[in-house]
Amino acid sequence: MSQQLTQIRPLSQPVHMPDEPATFSAAVEAEIDGHLAKYPVKRSAILPLMFIVQRERGYLDPAGVLYLANRLALRVTDIWEVATFYSMIQTRPVGKYHIQICKTLSCKILGEPLITERVCKKLGIKPGETTADGRFTVSMVECLGSCGTAPMFQINFDYHENLTPEKVDRILDSLP
Amino acid sequence: MTQDVIKVTINNKDIQVPKGARLIEVCRDSGFDIPSFCYYSDLALQASCRMCLVRIEKMPKLQTSCTITCTDGMVVTTQSEEIEKAQRAMVEFLLANHPLDCPVCDRGGECELQEMAFDWGGLEERFTEKKNYYAERYLSPMVANDPQRCILCKRCTRVCDEWMGEDAIEAGGRGANTVIGTYGGWLDCSQCGNCIEVCPTGTLLDATYRHQARPWELAQTVSTCTYCSDGCQMSLGARGGELMRVVARDRYVNGLNGEFLCIKGRFGHPFVNHEARIRTPMIRYKKGGKLIPATWDDAIRHVASKLDSIANKHGRNSIGIVGSPRLTNEALYLLKKFATDLIGTDNYAVTDSVNLTPFFANLGAPLATHRDIRYAKTIVLIGGEPEELQPLTGKQIRQAVRNGGARLIIFNSVPIRLREQASQFIHIRPGAEEAAVLALAGGATDSLVSRKMGIETAELEKVRGTINETEGDLIIMFDGSLSAAAQSALAQLSYLLRADNRRVLFHPLPLYNNSIGALDMGMTNGAIDVTQMLDAAGRGIRAVCVAGSFLPEQLRGREESLAKLDFLMVQELFETDTTSFADVVLPAASFAEIDGTFTNNDGFVQRVRQSIPPVNQSKADWMITDQLARELGVEFGFGMSASAVFNEIAMQVPGYAGLRYPLLKDESKPVQVKHDIAVQRDISNELETVRTAVEQMDESPEKHNDTPDVGHELFKIRTLTDKVAQFHLLAAGNPRPESLNVSPLYQITLSDDLRAEAVVAGD
């Protein structure tokens, strides 16, 4: 029984909410206002705003979450609920290159374990971890909708398809 | 209102149902059992557990009956091999990640998943992969969480949102990794614990009762809450003379509050068995001396002789009798009888902060029940903060607006949290509530009242517009801080605002569980009120008998008064400011140890039932009065029976005529007191008084612009909540402990006293 119980993902660690929300430049505020103006209901703008905060701050940090909550007149828990649903939204700091390996059926059958092994071995980290130099983060995600060209992963927002271990080496080596 | 009736056929049985009825409810009402986890009456639909599957003819697949609205001619099958197979598969699926740790789970024995597994579960599990595992943790001092037991029915998140309006608890992550929790892992909410109550598994647990008892060891007694005037029904779980926990009543017994309780009702009970309870009667033989334990006989004899000599020396009116609005109707009735018939004094009063006598004397319409509030179409709230002071009323208002489309108009000087629900929030100056009454009664020009309230006249026109558009119930709520004239005018508003297509109902918001009962028993119509009595201490008033204690607000600035009395007798649970001056202290029994009735702000007379024997040597308040009367030579003749006292109440108090304990037996069908409805009368004198007062009103007070913190009233440390260690943490701002895996009581020390209390509480 005991070996069947494996902690698969740590729960959110204690986060101390800052007193002050994040602040952004006038240009970013204008961009946010533009998105808010598109929707009759404020909270509908939650996803575009999350991407902006993530772009500006690297990930959704507590100050950023507080900013979103204030801006959308929601509670922080509402922001957290949406943020943790999407694998594109990061609630923890990630490296410069975020490698998201698809672990769903088609990729799995066509060799995802080999890809993951090669990536992790090359970078010396396990899925869910970030390299010490802060360049790479590897995470396992659900289907990215590219089953026809499986196996695949996504580095930041770029797809890399029909992967082989050799191709993985080439891709990682070519990154600036 | 006539409703269209349609015909549905369920398992070959034709059933007439109103149009728009929900299939799952219709099946259950017709005696066909349908299992479900996520469906919860009056909450948003979820349809995630898929246990309520039925076969509907002409529909291609099995349907979730919780999401189906009945249509005419629908033919439904609720039981078949196909449905059972699907349901068994669902239970197997729900159990895939569920640990089989029922023997150590606090929910074991009263768990819906456990029952469902007995009915629909398979003998063996085919799921052999690794189970999801999460560590147990605390979400707050009140709520413990074991995420791996969760079946993601999301009742907790819906209750938190729709009942409480707090959105404190949500589902994070997705798919099989979804976890119920909160951002940052620490709940910053009003700690009502309703998420614990509605949880069908052991995922959310009462942290104050954790690993203390098993449900089958507890003797369950249905009783009424002893905190606010909403009078929620609850179930006291006791073991061996100790009150272990409080839960709400079953949700299928749709009584007053369903499964709703607030933090005080659910977690405020440890005072009952607290070690600081007064243990024996005590006598202070000499002023300035110590209180010395005595026997009941000695103490009562001492009180009787003192009262006798003071009455002989200074006259009967030199004795004051004071009751608490927390006492039962029986105790208050007997106190009144004791004061008027036996002592013969006009000086009796209750320690309530407000007196609603003028309101009830002019009452032009019945009191609204909480069910009326839920289905009201317009609600006018003048002053008050129901969410903090009458949480069930707050919840009903929110549901009326969110689920019923009601329109809420708030007059308040503080931007209370309920304004998020309001269609119109009128931000008035502090103390200008009377001007709002005047405006509704049309007793002055709009320009005058608007100026005094500090608002635009257009706001008042909008209020009138909303009220005139209303069809259905209009409910007027007010807290008790109005003057007598304003209360009288308000009570007659029902005649001014009545129309063919709507009822006008009232919902006063007094502060205590039996404020209304104290009024019905006549304790509020004594010659003087409590503060006047305190001011007259040592002059007109020489001796006072108090059941309960004076409120700190009443003693403020009058600290010397009690010392001036020749004699002070106090019936109390705990030592208070009042007992420190007492010549005799008698240990009173708490609500969990007595039989009786409370009358709530709906006018419902509800039973208080004995759950445990009286703690230490305490006695029910009415029995103390009875014994004292006997010592003074008058036999009331009630013996040991609270129901005999109630029978006399039913004979003497008009609104209670014909009531008996057996008629109050079914808490799902509460009985409303028949308060006299006053005829319409000319209220121009009262309006004149209010107008004069409003004209003289100061226009300088600033409006409060900050919304008060959640719990600013709920978490206040008073005599009773002081005895709950967790309340001290909440009152100190609910600090986050270092580790979420250990109870915060073991990690946070606010002061040395708190630490000692935490050890006593055991968790």
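Here is a short report on the structure shown in this document. (Residues numbered from 1 in each chain as written. Chains lettered and ligands numbered in written order. Predicted model: local features only at pLDDT ≥ 70, side-chain atom pairs only at ≥ 80, totals over all residues. Heavy atoms only, no water.)

### Some points on the nonpolar core
Residues and elements named next belong to chain B. Judged by nonpolar contacts, the single largest core of 87 residues is most densely connected at L307, F591 and Y656. Per-element accounting of this core gives the leading share, 9 residues, to helix α8 (residues 329-343). Aside from chain neighbours lying at most four places away, what touches L307 is I319, F338, I343, A543, C545, F567, L628 and L632. The next biggest cluster of nonpolar side chains, apart from the first, holds 48 residues, and it includes I409, F411, I426 and A486. (Core = buried A, V, L, I, M, F, W, Y, C linked by side-chain atoms within 4.5 Å. Buried < 20%, exposed > 50% of the residue type's maximum accessible area, 1.4 Å probe, protein only. Helix = DSSP H or I, 4+ residues; strand = E, 2+ residues; numbered from the N terminus. Contact = heavy atoms within 4.5 Å.)

### Observations concerning the environment of B:T369
All names here are of chain B. If you trace the backbone, T369 turns up in the loop between α9 (357-361) and α10 (370-374). Take T369: its relative accessible area is 10%, and that puts it in the buried class. Considering only alpha carbons, one finds T369 and T625, 256 residues apart in sequence, at a separation of 33 Å. Excluding anything up to four places from it in sequence, T369 contacts D602, F604 and Q672.

### Things to note about a nonpolar patch on the surface
Residue and element names in this part refer to chain A. On the surface, F51, M88 and F157 cluster together into a nonpolar patch covering about 290 Å² of accessible area. By the secondary structure assignment, F157 is in the loop between β4 (153-155) and β5 (158-160). Residue classification places F157 among the exposed positions, given a relative accessible area of 57%. (Patch = residues over 30% accessible without salt bridge, like charges linked within 9 Å, V, L, I, M, F, W, Y side chains within 5 Å. Areas by Shrake-Rupley, 256 points an atom, 1.4 Å probe, with all protein chains shown as cover. Salt bridge = Lys/Arg side-chain N within 4 Å of Asp/Glu carboxyl O.)

### Quick notes on the pairing of strand β25 (residues 567-572) of chain B
Residue and element names in this part refer to chain B. Burial of β25 is extensive: 6 of the 6 residues sit out of reach of the surface. Of the strand pairs in this sheet, strand β24 (residues 543-547) and β25 are connected by 5 bridges, and their pairing is parallel. Bridge pairing links C545 to M569 in β25. In this structure, β25 lies alongside strand β26 (residues 584-587), joined through 4 bridges in parallel fashion. Each residue of the ladder has a partner; that of E572, found in β26, is P587. (Pairing = 2+ DSSP bridges.)

The values are spatial; any link to function lies outside them.
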